[in-house]
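Working through the structure, step by step
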Amino acid sequence: MKTTIQETPAYRLDIELKRGPHGTSLMLISFVPTARHPEEQVKFQALLSDAELQKLQKVLSEAVASATI
């Protein structure tokens, strides 16, 4: 699953999650369309266990719950 988290005319930030036999691969990918050689670049990558993925979900859920929408 890949989705865009943030996008402006000058920058895009995507997150990609892929389930595998050893856990879930998480990648944060940036793209600058105005760069001299525009290409996607992996800025962060991790292989998360189910427990780590649940911790991430909890933190993100708490952040969303406390945000003023």
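Scope of this entry: the structure provided in the associated data block. (Residues numbered from 1 in each chain as written. Predicted model: local features only at pLDDT ≥ 70, side-chain atom pairs only at ≥ 80, totals over all residues. Heavy atoms only, no water.)

A short note on the overall build of the protein
Just so we agree on the cut-off: Counting from the N terminus, the helices are the DSSP runs of H or I reaching at least four residues and the strands are the DSSP runs of E reaching at least two. Every radius of gyration here is taken over C-alpha atoms, with the globule rule written as 2.2 Å times N^0.38, N being the number of residues. Throughout, exposure labels follow a simple rule: accessible area from a 1.4 Å probe, protein chains only, divided by the maximum for the residue type, with under 20% read as buried, over 50% as exposed, and the rest as partly exposed. Residue contacts follow a heavy-atom distance rule, with two residues in contact if any of their heavy atoms lie within 4.5 Å. Method for areas: the Shrake-Rupley scheme with a 1.4 Å probe, in which residue coverage is limited to the protein chains shown. The charged-residue count follows a simple rule in which Lys and Arg add positive charge and Asp and Glu add negative charge, with His and chain termini not counted at all. Every charge is mapped to an atom, namely NZ of Lys, CZ of Arg, CG of Asp or CD of Glu.
Counting secondary structure elements, the protein contains one helix and four strands. Here the C-alpha atoms of the protein give a radius of gyration of 14 Å, more than 25% beyond the 11 Å that 2.2 N^0.38 yields for 69 residues. For the protein, with 69 residues in total, the buried portion stands at 19%. For the protein, long-range pairs separated by at least 24 residues make up 15% of all intrachain contacts whose partners lie at least 6 apart in sequence. For the protein, the computed accessible surface area is about 5500 Å², with 58% contributed by carbon and sulfur atoms. Considering the protein, the positive charge centre built from 8 side chains and the negative charge centre built from 8 side chains are found 2 Å apart.

Quick notes on the pattern of salt bridges
Here the idea is simple: oppositely charged side chains can pair when their charged atoms come close. The condition is simple: One speaks of a salt bridge when a side-chain nitrogen belonging to Lys or Arg is within 4 Å of a carboxyl oxygen belonging to Asp or Glu.
Inspection of every chain in the model, using the stated rule, returns six salt bridges. The shortest N-O distance in the salt bridge between Arg-12 and Asp-14 comes to 3.0 Å. Overall, Arg-12 belongs to the buried group, its relative accessible area being 19%. Its relative accessible area of 3% is what places Asp-14 among the buried residues.

Here we look at the sheet that holds strand E1 (residues 2–8)
To be explicit about the condition: Note on pairing: DSSP must find at least two bridges between two strands before they are called paired. Axis definition: a line fitted to C-alpha atoms, limited for helices to the stretch in contact. Angles are taken between N-to-C directions and run from 0 to 180 degrees.
Read from one edge to the other, the open sheet built from four strands follows the order E1-E2-E3-E4, with strand pairing classed as antiparallel. Edge positions in the sheet fall to E1 and strand E4 (41–48), since each has one partner strand and no second. Between one strand axis and the next, the sheet turns through 15 degrees on average, direction left out of account. Bridging between strand E2 (residues 11–20) and strand E3 (residues 23–31) involves nine bridges; their strand directions are antiparallel.

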